[in-house]
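What follows is each chain in one-letter form.
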Amino acid sequence: MAEKKLRVFRADASSCNGCDIEILEALLPRFKVGQYIELVYEPEQAEALVITGGANFKTAEEVRAIYEKLKEPKIVICVGSCAISKGIFAEGYSMRGPADKLGIPVTVFIAGCPPRPQSVAQAIASLLNVEVDTSEDYWSVPEGFRGLPEFDFEKCVACGACVNSCPTGAMSYEDKGTVRTVNVNYGLCIYCATCEEICPEESVKLTGEYKAWFKGKEEMLNGVEVPLKKCANCGRVYATDKQLEACIRRLLEKAGKVYEPLLEKVEKLMSYCPDCRHSVENLRAGKALLIKAAISS
Amino acid sequence: MSGRKEIVIGPYHEYLLEPERIKLVVEDGIVKDVDISLGYCHRGIEKLMTTRTYKQAVFLSERICGICSHAHTTAYCTTAEAVLEIDTPERGLYIRTIVAEIERLHSHFLWLALLAHGVGEHEAFAYIMTEREKVMDLLELISGNRVHYAVNTVGGVRRDITPKIAEKIMSTMNEIKPLTQYCIDMLDENGPVGKKVAGIGVMSYDEAIKLGAVGPTLRGSGVKSDVRADDPYAAYGELSFEVVVEKDGDVRARSMVRARENMESISMIEQAVDALPSGPIIAEPGEPTIGEYVGRGEAPRGELVYYIRANGTNMPERVKVRTPTYANVFTYTKTLLEARLEHVRPILESIDPCYACTDRLVIIDAKKGEKRILSISDLPFGTV
């Protein structure tokens, strides 16, 4: 139990209001954060600053000025994806944030869109080195909970479906040498579960965890590495091994009767990159293959 | 002029949940002029929406506001479904309606709690907020998140209501009926909050129409107008409900509209869960058309309008949103004038302002007063 309550100033830097209300709710008797912190309305009286939102052209200066006025030790808590990385508004023309870009050193990041009061409670408790009582019923996670997304390393084929469907760009992939890394950035994620919905391999799952606070931005990256395949003809990397395996598996599932006898030829054509596949002789071989398949079906 | 001074509230202030700057010109404790400067929540959402596909833009429209997010996606999806010529399945529409009404409950309860807090009834605030958690838990069960439900999508909804969830909805509705009655009693003319806010910030029937008010702000002045009844969308056409109207036009009337609407919402949710049709919850999108489309819906704060100009691609060419607070904020020019300084807070709160919604442009509305900025601690008003 903290001896003295931490005095907090809440600065809404162009948030949608969701985080602000969750903070207000975290202070309710139910979540027991109120015994450690109290809200104050003058920055000069506060030791800690809670920032929500990605700071636009009007609030950026205000937030900076408030930070200057804080009392030492100047704890800064960024609540929500917008405060961490501007979230879904990252490309907005009016956005000047996030906080660390404005020269405000951040102590704790609480991820979520918006973070749940439970996450806020845990983060505050970790700051003050106190234990949270997790025995209450609201600490059990309901079915269908949308927490931090995680990859199943075995299943992911690095096809990039999640990258294309993600509305914020929290999912990204990068090809380096012969390895493709698929990354999820919890600071940018809005927990909409589009990736979980779209993933053909059921590799991405939103976890059921309340712990969503991080001390540094690099902790918020979670990735999976998948080896890339080289074209049998020109040697250029063009897809991952697992992706091709998945294609063939699905082909056999859907039209096994037709393609099973032709499998060897299909695999050979698939081992070429798209450019080599469109060369004259390969195009001809491909067409012949399709005609054969059409006849046998 | 003696005793004339200018008071600036905000952008960060105890009274304001969200940042905005309100300038009051005050003479002997009476407000003579108001000037509102918004823009602290401007995020360029309309521009961003034109860089996303129709399905991805749902999440942007959701994040316009953290309280009425489902109302935004409902209005957006209704419009986008017209663009993509989708016939949304019945079950999807019913689930959309159920979530919309649960959201209205939580929004109205939050606002009623904040009003109680604003007039110094801290016990009522704590009670309403604590009981309101039941509604939040219900939303988390249905959608997986307490705010930003991500239930709506273009073509229907993403999450089904299973029999187990339906049962939980029904039992929660029964549990919060006493809370709704508590709010109505609290706002009675002799109730603890009602007697403090009666007769202040009065706006007549004609003025409300002239100033273009919408939603509970308009209905509090006796105007019977509700998109759910006038132009039914989603499944509202198949539910029976009363459009709540109060005649007085003061802060109490506007609050009472919300408190009584909660009763209607509970009844609507029960009707919709009972009549939940079977079938699919989502339909496949068709080809994008070319043209201009307008859709509207009733958000907890009033009429919400979406305009989409489609150019036949998978992204909208222009999206325009008219949010209810933007329409209601002009009523300050009437309700705040000649108000006593200690009544400013309940009047500011009485339209249930949501600046996150509103801040897509900046309005400045008043003559210039004398320039003298006071600090927050100089403000003479504490409790009403």
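1. Section: the sheet that holds strand β5 (residues 108–110) of chain A
All names here are of chain A. Spatially, the six strands line up as an open sheet ordered β2-β1-β3-β4-β5-β10, and their pairing is mixed. At either end of the open sheet lies a strand with only one pairing partner, and these are β2 (37–40) and β10 (213–214). Direction of pairing for strand β3 (residues 48–52) relative to strand β4 (residues 75–79): parallel, over a ladder of five bridges. When the bridges of β4 are listed, V50 appears paired with I77.

2. Focus: the interface of chain B and chain A
The parts lose accessible area when they come together, and the size of an interface is often stated as this lost area. Listed by partner, the interface residues are 42 residues for chain B and 38 residues for chain A. Secondary structure elements with two or more residues in the side of chain B that touches chain A: α1 (45–49), α2 (54–62) and α5 (122–143) of chain B.

3. Quick word on unusual backbone geometry
Residues and elements named next belong to chain A. In this model, E72 is joined to P73 through a cis peptide bond whose omega is 10 degrees. Inspection of the secondary structure assignment puts P73 in the loop between α2 (59–69) and β4. Residue C113 is joined to P114 through a cis peptide bond whose omega torsion reads -10 degrees. Among the structural elements, P114 can be located in the loop between β5 and α4 (117–127). Its identity is not glycine, yet E202 carries a phi of approximately 55 degrees, on the positive side.

4. Notes on the packing of helix α1 (residues 18–26) of chain A against α4 of chain A
Residues and elements named next belong to chain A. Contact geometry for α1 and α4: axes closest at 9 Å, N-to-C directions at 65 degrees. Classified by the angle their axes make, α1 and α4 are roughly perpendicular. Along this stretch, α1 crosses α4, giving a crossing that reads as right-handed. The residues of α4 that touch α1, namely those facing E22, I23, E25 and A26, are P117, V120 and A121. Taken together, the residues that form the contact of α1 with α4 break down as five nonpolar, no polar and two charged.

5. Side note on the pairing of β4 of chain A
Residues and elements named next belong to chain A. β4 sits mainly inside the fold: five of its five residues count as buried. With respect to chirality, the unit in which β3 leads through α2 into the neighbouring parallel β4 is right-handed. Bridge count for β4 against β5 is three bridges, and the pairing is parallel. Opposite C78, over in β5, you have F109 as the bridge partner.

6. Quick word on the domain arrangement of chain A
Residue and element names in this part refer to chain A. The assigned domain composition of chain A is domain 1 (6–139), domain 2 (149–207 + 218–228) and domain 3 (231–296). Between domain 2 and domain 3, the contact holds 10 residues from the first and six residues from the second. Counting residues per element, the side of domain 2 that touches domain 3 draws most heavily on strand β11 (residues 221–230), at three residues. Residue composition of the side of domain 2 that touches domain 3, by class: six nonpolar, one polar and three charged.

7. Description of the domain arrangement of chain B
Residue and element names in this part refer to chain B. What the domain assignment lists for chain B is domain 1 (4–42 + 336–378) and domain 2 (49–325). On the side of domain 2, 21 residues touch domain 1, which itself brings 16 residues to the contact. Listing elements by their share of the side of domain 1 that touches domain 2, those giving two or more residues are α14 (344–350) and α15 (355–358). The greatest single-element share of the side of domain 1 that touches domain 2, amounting to five residues, is contributed by α14.

8. Thoughts on helix α3 (residues 69–83) of chain B
Quick reminder: α-helices carry 3.6 residues per turn. Residues three or four places apart thus point the same way. Residue and element names in this part refer to chain B. Compared with an ideal rise of 1.5 Å per residue, which puts 15 residues at 21 Å, α3 spans 21 Å between its outermost C-alpha atoms and is within 8% of the ideal. For α3, the tally of buried residues reaches 14 of 15 residues, placing the bulk of the element in the interior. The first or second residue beyond α3 is E85, which carries a positive phi of 50 degrees.

9. As for the environment of E287 of chain B
Residue and element names in this part refer to chain B. Considering the arrangement of structural elements, one finds E287 in the loop between α11 (251–274) and β6 (290–299). On the basis of neighbour counts, which here come to 8 C-beta atoms within 10 Å, the residue E287 falls in the exposed class. Considering only alpha carbons, one finds E287 and K164, 123 residues apart in sequence, at a separation of 36 Å.

About the thresholds
Residues numbered from 1 in each chain as written. Chains lettered and ligands numbered in written order. Predicted model: local features only at pLDDT ≥ 70, side-chain atom pairs only at ≥ 80, totals over all residues. Pairing = 2+ DSSP bridges. Helix = DSSP H or I, 4+ residues; strand = E, 2+ residues; numbered from the N terminus. Contact = placed C-beta atoms within 7 Å. Axes fitted to C-alpha atoms, helices over the stretch in contact; angles between N-to-C directions. Parallel < 35°, antiparallel > 145°, perpendicular 65-115°, else oblique. Left-handed = near helix turned anticlockwise from the far one by under 90°. Nonpolar A, V, L, I, M, F, W, Y, C, P; charged D, E, K, R; others polar. Buried ≥ 20, exposed ≤ 12 C-beta atoms within 10 Å, placed from the backbone. Right-handed = clockwise from strand over helix to strand, strands pointing away. Domains from an automatic or database assignment. Expected span 1.5 Å × (residues − 1).

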